[in-house]
Each structure stands twice: as structure tokens, then as C-alpha cells.
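Read off the chains here:
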Amino acid sequence: MPLNHLIRDGDNPDITEERQKATFSTEELAIEIYGEPLAQRRREISAEVLKRPELLDDCPHVFLDRTTKVENSMKKTVAVMEKGSEICDFTSREELGHLVCEVFGDDGFPLSIHFVMFLPAIQGQADDEQAEQWIPRAMRLEFIGTYAQTELGHGTNLRALETTATYDKRTQEFILHTPTVSAYKWWPGNLGKTANYVIANAQLYIDGKSHGPHNFLVQIRDENTHQPMPGITVGDIGPKFGLNTNDNGFLRFDHVRIPRRNMLMRHSKVSADGVYSPPVHPKLSYGAMIFVRATMIRMLAHVVLKAATIAIRYSCVRRQGEIKTGNGEVKILEYQTQQHRLFTALARGFAYRLVGDEVKNLYEKIAEEVKHGNVEQLADLHALLSGMKSIVSYDSGKAIEQCRMACGGHGYSHASGIPEMYAVEIAGCTYEGENMVMLQQQARYLVKGIHRLAHGEELSTMLQYLANTSNNKFRIGESGVDLENALILALEYIARSTIERVTARLDSLQNKGLSAENAWNENAVELTRASRTHTRLWIARCFRDRVHRIENHAIRSALTDILELFLTYEVVDMSQYLYQGGYANSDQVAQVKDAMYKLLEKIRPNAVSYVDAYEVSDTELRSVLGRRDGNVYDNLLKWAKSNPLNRTEVLPAVEKHLMPMMLAAKSKL
Ligand SMILES: CC(C)(COP(=O)(O)OP(=O)(O)OC[C@H]1O[C@@H](n2cnc3c(N)ncnc32)[C@H](O)[C@@H]1OP(=O)(O)O)[C@@H](O)C(=O)NCCC(=O)NCCSC(=O)CCCC(=O)O
Ligand SMILES: Cc1cc2nc3c(=O)[nH]c(=O)nc-3n(C[C@H](O)[C@H](O)[C@H](O)COP(=O)(O)OP(=O)(O)OC[C@H]3O[C@@H](n4cnc5c(N)ncnc54)[C@H](O)[C@@H]3O)c2cc1C
């Protein structure tokens, strides 16, 4: 009985052959990833979606113009709301999330920011009475909301946002106003044409005094006619690199009045007579961003694993070139270069996916404490998430792009599905805090860690390795030191030495009289590097701990191969840092490389089974190259034929423009 559960009659024999080689049960790995009931529920939901044409696309959505894309997604949203509860449990985020992936794919849908930011902002920042008033209506979709923070002139520097919310004691209202063109809200998802409410971030003014950015619930469109409310100018910002099904928008307030109680008042308050009570922590109004930074890790990992699924399956049905002359053309996955590109992407995908679960759990624990006024761990969480969102978005982007290139010419076609995945995923480097800025947020925390250590103060668990100065020699190959431990210690050394080095440089510049700000900017690149090495270490440790906790022996062994590949790849990628301070020599780095190449060979027979176990349905994958059955060429032809340019044999534009030109040229002869 083959261990891979996706074998079917009629599949491409090249892919069936791969599935027959599995050394672990793909069903058991799926259970390890998703948990017992969810793994099964996901399959049931996928099967149900296939039975309902109203939830499926009539044609590949990449053939459609923006207006049709937006309309289709609205139509499907209604179908999901009407029938979705027959398919999945709407109270389960995981089940609903899976249904959304099946029906809408990655490119956005009308409720994305409503669920991802608008509702979480209310849940985290509205007081109980406000929550009771707004959440049930928002959950029933009586209205659709978005999160309007970024402006035309400022996205990163929130303290410089220009939109004002001025309290009018006389009427007990706030007046929302956009004083300049650069103060237009710009970018909020689903603002352009969909949302009728926003959480607007604006500078709070009372009696001429500014209290910084706060969040306000503002109605921007009429609930019955959807026309903009008086004083509101709103629209779509136009086509983007990706996410074109999402109507990211612009918004202007012209002295728009809202009731006092429309300010979100769980943490900061303004009383009827205009007395301001600050929050217990000044950054609590940034809570919705913290939420998204915590949840986006898994979403980004999901895109990497989808791209890996496509490229690995395709690499087993594509044959090109011979390794040994005369032995026939090989599957392109036999090439070491292909394995190196794809298995490292697979390893990062698995690492980020499983670590993403841990991040989400940690977030939920700390968010609950914060809700009850305990902000002790907020700085740790903010630092961790700032690094995580940056590393995972950037390295995932690189992995997806490698998957695309590994598919050769067909990877460049939208038929592969990967270009759109890349365009969607790479936005994660920008939204929720531009990566360079976020890495520097984390660097502040790391530098403080070194200073605390110097003053003999206690370090948080996350930073305790900074005190481990005895780890100063690479121990790969020594008896009693296994590969995993040697590699984790190497990553610890890389992070510690990089953070120490940049902190010493900062301190010395300041001792020479440079201001703290200028010293920081002169070290900014190195500070981002320190942050990167720390985060990569955190991911590695967390991934290792997660794999070690697996009880099923065969699954633990399968994921240990992936873990070891991940660790060797990370160490090789950062090996230049190992030479600093003489921690390692080039022979030792060569040993890590050898271990990595051996792991590629070990993973090769299971490659298709790893991605099969991640279980992304064909409906969700939206890729001709990544089809489960491996029947790529016939379907590529079908896909090309179905494209709108082929609807007529002779294109009207050819008749109108090119034909007359060619005929005229001929008649001149
Ligand atoms: C860069 C910062 C963090 C700077 O903020 P600041 O107020 O100027 O603070 P600072 O002086 O640098 O630092 C002061 C201090 O505040 C801390 N801090 C900063 N942010 C947080 C937080 N969230 N939680 C807890 N603590 C926080 C910092 O660590 C500093 O602490 P320290 O003084 O070092 O102890 C901030 O402006 C920021 O977060 N900018 C990024 C904006 C952003 O992420 N926008 C997202 C818009 S919504 C979106 O993109 C949705 C997309 C969704 C989708 O499409 O799916
Ligand atoms: C697809 C997408 C969806 C979005 N959705 C929303 C949404 O729903 N709601 C919303 O409010 N916003 C949204 N945004 C906006 C997004 O959050 C901002 O674009 C993002 O925070 C970056 O800010 P910025 O555009 O001002 O970039 P900038 O800050 O102008 O960045 C430009 C460059 O300047 C550098 N830079 C800026 N400040 C510093 C600094 N202090 N130190 C060093 N370098 C610096 C950056 O590193 C970057 O290289 C979305 C954006 C995108 C792309």
C-alpha cells in the first residue's frame, strides 16, 4: 500500500512514480501540520467547493480586467455568505480561512481588510460597550469596514500623520479633517469601492493640544445607497504590482463630524468634557498592526509552500537534457541545481509555516494579557514580530522567485500561477511596516540587550544567548556534537557577534561625540544585519523545538531532514559571519555544504510527497504546472486556447490597423 494518498489512475506516470517512493505517510504529515480534525475538514471543504459552480471561476482570473475581477469577487462573496455555512464552520478561523483560499485565491476579496484589520482593531481597542454595539453588526456584514491609517505623504512615520480629529466639547463630537493633499488616506484595502466604514487613524487634538495618533470609527458611505457621506471624497488608487482584485483606496475628510463615542476607547479615553486619559502603554493604538504582523507569517509561508508545490511537481513531469549521454532525458528534478533551488524553498516554507503557528500562539497569549492591562511582554513581542515579518516576507519572496525561475519559460507565464503569487507575497515586505524600518525597530531592542548585559541586568529569554560568550568555536564534526546542535550554536554565534560588533561601533561613535541619532544612521545597514541574524536564529531554534516535539517517529524523521536542510542552508548563506573572530575555518564551512548536498539527495525521493502532504487543492493552486495529476502539456494548450485573444481567428484590431497597412504596402509595389 503506497504511503502517498494522492495516487490516482490516469495521472501522469512520472508523477505517480514519485508518489510510490514515499517513505512516510502523507496523511500523517498533513495531520502533523494541520491537526487531526482540521486536516480532514480541509479536504471536505475543498470537495464541497468543487460541487458549487457559483464559488468557482468561469475562466482563469488572470484573463480578466480589473473591473471584472472586482465584480467576480463581489459576486462570489455573496455566494460564500449565503451558502458558506453549509460548507464550513464560520466560527472557525481556520476553516473559514481555507474556504476563502479556495474561492478567492491570493489576489484579494472585498472582505479581506474587514476581517484582517477592521474587526481586530475593534476587538482589541474598543471598550466593552463599543464592542457590543459594533462587533455583532460587523460580523453580520451589515456594513463593511477597513483600516485607514497610511496617508499619501506618510506610511512609516505614524507620528507625522496629518489627518486631525479635533474634539468639539460643545457638541461632544470629533471633527475629522484632511488638511492637505499629502494627508489624503492612501492604500487602505477595500476602501476604494467596497467599505462603508473605516477605522481612521488621526492626530487627536483637544483644546489645541495634540495627543498623537488615535483610532476613530467613521462612516464614509451611506448604508442604503453606498454614496459617499457628506464631507467624504473616496475612490480607488488604480492598478498595482499585484493584489489587483483589491480596491485599495484614497479618502479625504472635509470637517466630518462623528460622535465622541466613535473614538476607540479601551486604552485611551476622552471624557464628555474633553479630559484625555492616556493608555497604559503609548503604542497600544498600534495593536491592529501587531495582530497582522503575527498572523501574516503563516500566510506568507503558505504562498511559499504553494510555489514549491507547483515547481516540485512540475520538475517531475518535465524532462529536459541528459545527465549521462545516451541514458535518455531526465526529470529536471534530478539536477542538483534544481534540488538546491526547490528543496531549500520547501524547507523555508515548512520552517515558516510551523514557526508561524508558534508566533500566533505567542501573540494570542500576550494579546490576552495586554487586553487586561499587563503590557510587560509587549516590547518583546513587538521586537520579535518586527524581525519576523521582515525576514519571512523577504526570504519567502526570494524562495518563490526561485520556484518561478526553476520552471523555466513556463514559470514566466501566468499559467504557472507563480507570478501572481510572487506579486502578492512580496507586498508583505512593504505593508505592516517597511522591512528596513521594522528591522531597525528590532535592532533597538537588541542593542538594549547588550547594554543590559553590560550592566549586569537580566535578559529576556529570547536574548539569553547573548551571555553565552563561551560559544566561540565551531564544533561541527566533533564527537558528541550532533549536526543540529553545531549549526544552532553557529547561528547563535553569528547573531551574538554581529549584535556585539554593531553595538560596540555605535557606542564608540557616541563616545567620540556623535549624537545618538547620527551614530544610529551611520550604522543602520549593520543594525539591520544584526536584526536579520537574530531573527534567523530565533526561527531556527523554534523550528528545531517544534520538530523535536513530534511524537510520530516516521514524521519526525521526515521533518528532521527538512530541518537539517534548513539549518545547513541558513549557515551556508551566512557563512561569511563565521569567519569573523575566527569561529570557523573554510574546511568546516565545506563540511556544512557537504551535509547540505547529502540532504538534497536524501530528500529527493520524497520531494513530491512533502508538497502533497501540505495538501493544496488544484482549485486553490490555480496553476497548470502544479496540477495534482501532472498532466501539464495538454492543459497548457487548453489554457492558451481559452484566452480571450484567441476568441476570434482574426483579431478586430488586426483587421483595423495592421491589415490596411500591409495591404497598402503591397499595393505600392
Ligand atoms: C516605525 C514605527 C514603529 C515607529 O513608531 P513611533 O511611534 O515613531 O515609535 P518610535 O519612536 O520609533 O519607538 C518608540 C518606542 O515604541 C516602541 N514601539 C513601536 N511600535 C510599537 C508597537 N507596535 N508595540 C509596542 N511597542 C512599540 C518602540 O520599540 C520604541 O520602544 P523603546 O523606546 O525603544 O523602548 C511606527 O511608525 C510603525 O509601526 N510604522 C509602520 C506603519 C505600518 O505598519 N503601517 C501599517 C498600515 S496597515 C497595512 O499595511 C495593512 C496591510 C494589510 C494587508 O493588505 O493584508
Ligand atoms: C498592498 C498594500 C496594502 C496596504 N494596505 C494598507 C491598509 O489596509 N491600510 C493602511 O493604512 N495602509 C496600507 N498600506 C500602506 C503600507 O502600510 C505602507 O505603504 C507601509 O507602511 C510603508 O510606508 P510608506 O509607503 O510610507 O513607505 P516609506 O516610509 O515612504 O518608505 C520608502 C523608503 O523609505 C525608507 N524609510 C522610511 N522611513 C525610514 C526610516 N525611519 N529609517 C530608514 N528608512 C526609512 C524605507 O525603508 C523605504 O526604503 C498598504 C500598502 C500596500 C503596498
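Everything numeric in this text was worked out from a predicted model, so none of it was measured.

Moving on, we get to the site of ligand 2. Contacts to ligand 2 come from 20 residues, most closely from Tyr147, Thr150, Gly155, Thr156 and Glu434. A distance of 2.5 Å separates an oxygen atom of ligand 2 from a polar side-chain atom of Thr156. Starting from 970 Å² of accessible surface for ligand 2 in isolation, the protein chains cover 63%. Broken down by element, the shell around ligand 2 gets its largest block of residues, 3 residues, from helix H13 (residues 435-454).

For the rest of this paragraph, the subject is a positive patch on the surface. Where like charges cluster on the molecular surface, the positive patch consists of Arg159, Lys283, Arg444 and Lys448. Mapped onto the fold, Lys283 is located in the loop between strand S11 (276-277) and helix H8 (287-317). Residue class for Lys283 comes out partly exposed when judged on its relative accessible area of 37%.

This part is about empty space enclosed by the protein. With the rule as written, the count across this model stands at 2 cavities of 30 Å³ or more. Put simply, the largest cavity is a space of about 120 Å³. Surrounding the largest cavity, 15 residues form its lining, Asp57, His61, Lys76, Phe104 and Thr245 being those nearest its centre. Here the lining of the largest cavity takes 4 residues from helix H4 (residues 66-87), the largest share from any one element.

Ligand 1 sits among 24 residues. The nearest are Thr156, Arg159, Lys283, Tyr286 and Lys448. At 3.2 Å, a side-chain N or O of Gln149 approaches a nitrogen atom of ligand 1. Protein contact buries 80% of the 1,100 Å² of open area that ligand 1 shows by itself. For the shell around ligand 1, the elements supplying multiple residues, two or more each, are helix H6 (112-125), H8, helix H10 (378-405) and H13. Examining the composition of the shell around ligand 1, we find that 4 residues originate from one element, H13, more than from any other.

Taken as a whole, the chain is organised into domain 1 (35-104), domain 2 (115-278) and domain 3 (445-614). The centre of domain 1, based on its C-alpha atoms, is set 29 Å off from the matching centre of domain 2. Between domain 1 and domain 2, the contact holds 8 residues from the first and 11 residues from the second. Interface of domain 1 and domain 2: buried area, both sides summed, is about 720 Å²; carbon and sulfur atoms make up 57% of it. Summed over the shared surface of domain 1 and domain 2, the number is 1 salt bridge.

On to the packing of helix H9 (residues 336-371) against helix H16 (residues 524-548). Helix-helix packing: each pair is described by the crossing angle between the helix axes and the interaxial distance. Close contact between H9 and H16 brings their axes to 9 Å; oriented N to C, the two are set at 85°. Looking at the two axes, H9 sits roughly perpendicular to H16. Contact residues: Ala347, Arg348, Phe350, Ala351, Tyr352, Leu354, Val355, Glu358 and Val359 in H9; Arg536, Trp538, Ile539, Cys542, Phe543 and Arg546 in H16.

With a phi angle near 55°, Gln172 is a residue other than glycine that sits in the positive phi range. Mapping Gln172 onto the fold places it in the loop between strand S2 (164-168) and strand S3 (173-177).

Turning next to the UniProt feature "binding site: FAD" (unreviewed entry) in the chain. Sequence positions flagged by UniProt for "binding site: FAD" (unreviewed entry) are, in local numbering, Thr150 and Gly189. Spanning 40 residues, the named residues form one tight spatial group whose C-alpha atoms are at most 10.7 Å apart. In this structure, Thr150 sits in the loop between strand S1 (145-148) and S2. In this view, Thr150 contacts Gly155, Tyr184, Lys185, Trp186, Trp187 and Pro188; residues no more than four positions away in its chain are not counted.

A few words on the packing of aromatic side chains. Enumeration over the complete set of coordinates arrives at 16 aromatic pairs. Between the aromatic rings of Tyr34 and Tyr614, the centroid separation amounts to 5.7 Å while the plane-to-plane angle is 35°, which identifies the pairing as tilted. Taken as a pair, Tyr34 in helix H2 (residues 26-34) and Tyr614 in helix H20 (residues 607-614) lie far apart in primary sequence, 580 residues in all. The exposure class assigned to Tyr34 is buried, which follows from its relative accessible area of 10%. With centroids separated by 5.0 Å and ring planes inclined at 65°, the aromatic side chains of Phe174 and Phe216 adopt a geometry described as edge-to-face. On the criterion of sequence distance, the pair formed by Phe174 in strand S3 and Phe216 in strand S6 (residues 209-219) is long-range, its members being 42 residues apart. This pair shows no difference in class: Phe174 is buried, exactly as Phe216 is. Cluster of aromatic residues (ring-pair linked, three or more members): Phe24, Phe350 and Tyr610. The ring of Tyr34 has Arg42 lying over it, and the distance from NZ or CZ to the ring centre is 4.0 Å.

Conventions we followed
Numbering of residues starts from 1 in every chain and runs along the sequence as written. Lettering of chains starts at A and numbering of ligands starts at 1, both following the order in which they are written. For a predicted model such as this one, the threshold for reporting local features is a pLDDT of at least 70, and the threshold for listing and counting side-chain atom pairs is 80 or more; totals across whole chains, interfaces and linings nevertheless cover every residue. The side-chain figures draw on all heavy atoms in the structure; neither hydrogens nor water molecules are used. For this purpose, a residue is taken to be near a molecule or strand whenever a single non-hydrogen atom of the residue falls within 4 Å of it. In protein, a polar contact means a hydrogen-donor-capable atom and an acceptor-capable atom, both N or O and within 3.5 Å, with residues adjacent in sequence counting only if both atoms are side-chain atoms; elsewhere, any N or O pair within 3.5 Å suffices. In this description, accessible areas are obtained by the Shrake-Rupley approach with a 1.4 Å probe, and a residue is regarded as covered only by the protein chains that are shown. Secondary structure follows DSSP: runs of H or I at least 4 residues long count as helices, runs of E at least 2 residues long count as strands, and numbering of each begins at the N terminus. Grouping into patches uses exposed residues only, defined as over 30% relative accessible area, and leaves out salt-bridged ones; the cut-off is 9 Å for like charges and 5 Å for nonpolar side chains (Val, Leu, Ile, Met, Phe, Trp, Tyr). Note on definitions: salt bridges are taken to be side-chain nitrogens of Lys or Arg within 4 Å of carboxyl oxygens of Asp or Glu. Counted as positive: Lys and Arg. Counted as negative: Asp and Glu, with His and the chain ends omitted from the count. Each charge is placed at NZ for Lys, CZ for Arg, CG for Asp and CD for Glu. Per-residue accessibility, obtained with a 1.4 Å probe over protein chains only, is compared with the maximum for each type, and a residue is labelled buried under 20%, exposed over 50%, and partly exposed between these values. In the cavity and pocket records, a cavity denotes points on a 1 Å grid over the protein atoms alone where a 1.4 Å probe fits but cannot get out, a pocket denotes an open set with protein on both sides within 12 Å along at least 5 of 7 lines, and lining residues are residues with an atom within 4 Å of a point. Grid points are joined across faces, edges and corners, and a volume is the space filled by probe spheres set on the points. Residue ranges assigned to each domain were obtained from an automatic or database domain assignment. The contact criterion used is simple: two residues touch if any of their non-hydrogen atoms lie within 4.5 Å. Once two parts are brought into contact, the accessible area they lose, counted with a 1.4 Å probe and summed over both, makes up the buried area. What counts as an axis is a line fitted to C-alpha atoms, over the stretch in contact for a helix, and the angles between N-to-C directions run from 0 to 180 degrees. With respect to orientation, any angle under 35 degrees is reported as roughly parallel, any angle over 145 as roughly antiparallel, any angle of 65 to 115 as roughly perpendicular, and every other angle as oblique. UniProt positions are given in the numbering used here, feature names are shortened, and annotations may be inferred rather than shown by experiment. Here is the rule: rings of Phe, Tyr and Trp (six-membered ring for Trp) pair when centre to centre is within 6.5 Å. Planes less than 30 degrees apart are stacked, more than 60 are edge-to-face, and the remainder are tilted. As a reminder, the over-ring test applies to NZ of lysine and CZ of arginine, requiring each to be within 6 Å of the ring centre and within 35 degrees of the ring normal.

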